[in-house]
Amino acid sequence: TGVQTCALPILRPQSRIRADLIGISPERATALQLQAESAFERFKPHAGADNRLTFDELQFMAIGKIIEDGETIAVPTWASEPWRPFGRCIQLLESERLAQPANRRGERIENGIRFGLRGQPLTYYIRKANKLTEYSPIAARDRYGRPKILHIFRGKRPGQQRGVPYFAPVL
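Residues numbered from 1 in each chain as written. Predicted model: local features only at pLDDT ≥ 70, side-chain atom pairs only at ≥ 80, totals over all residues. Heavy atoms only, no water.

Q: Pulling in residues and values, what's your account of the sheet that holds strand S2 (residues 88–93)?
A: With antiparallel pairing, three strands are arranged side by side in an open sheet as S2-S1-S7. The two strands at the open ends of the sheet, each matched to only one other strand, are S2 and strand S7 (150–153). Put simply, the sheet's adjacent strands are angled 25 degrees from each other on average, direction ignored. As paired elements, strand S1 (residues 71–78) and S2 share six bridges and run antiparallel to each other. (Pairing = 2+ DSSP bridges. Helix = DSSP H or I, 4+ residues; strand = E, 2+ residues; numbered from the N terminus. Axes fitted to C-alpha atoms, helices over the stretch in contact; angles between N-to-C directions.)

Q: Would you mind going over helix H3 (residues 55–69) in detail, with residue names and values included?
A: Compared with the 21 Å implied by 1.5 Å per residue over 15 residues, the 21 Å span of H3 between its first and last C-alpha is a close match. Those residues of H3 that sit buried are Phe55, Asp56, Leu58, Gln59, Ala62, Lys65, Ile66 and Asp69. Directly beyond the C-terminal end of H3, a positive phi value near 90 degrees is found at glycine 70. (Expected span 1.5 Å × (residues − 1). Buried < 20%, exposed > 50% of the residue type's maximum accessible area, 1.4 Å probe, protein only.)

Q: Break down the sheet that holds strand S6 (residues 135–139) for me, citing the residues and quoting the values.
A: Taken in spatial order, the four strands line up as S3-S4-S5-S6 in an open sheet, and their pairing is antiparallel. Strands at the two margins of the open sheet, each flanked by one partner only, are strand S3 (108–110) and S6. Between one strand axis and the next, the sheet turns by 25 degrees as a mean value, whatever way the strands run. Relative to strand S4 (residues 113–115), S3 runs antiparallel, the two sharing three bridges. Among the inter-strand pairings, arginine 108 is bridged to a residue of S4, identified as phenylalanine 115.

In structure tokens form, the structure reads like this:
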């Protein structure tokens, strides 16, 4: 029997380097593009932090959780197994693991997320696995502005903080 495929679209990055903007030759840009796409192809089979899921399977699971729960949380993390071509990997978490800590004076913490003055997420409070009262605060971004948590949901209104399951209106 053949392998079944899914009709859902998956991310397939395409490197497009603007040689003129960064001051390199078109030939060098083409070589770098091929190198970047090759590196991603080597990363894909080992993308899951649990050593079970490929990048495509992580995408399908994330889409399923968005349909079921309205949102999903992906954490770019690091794994140091020597067989991995790259240490970077992705861990998917159940959105139910967002924990609500006690609000400290002057902080806006709602639905397990601490927000800044403009409504931007600053910290996510993730409940530890199999623990009801223990959680880890994780900054939304590192000191360079790169995301440390990917909270993925379909926003339908300004200021929306959490996702809504797709079938919630029919329930």
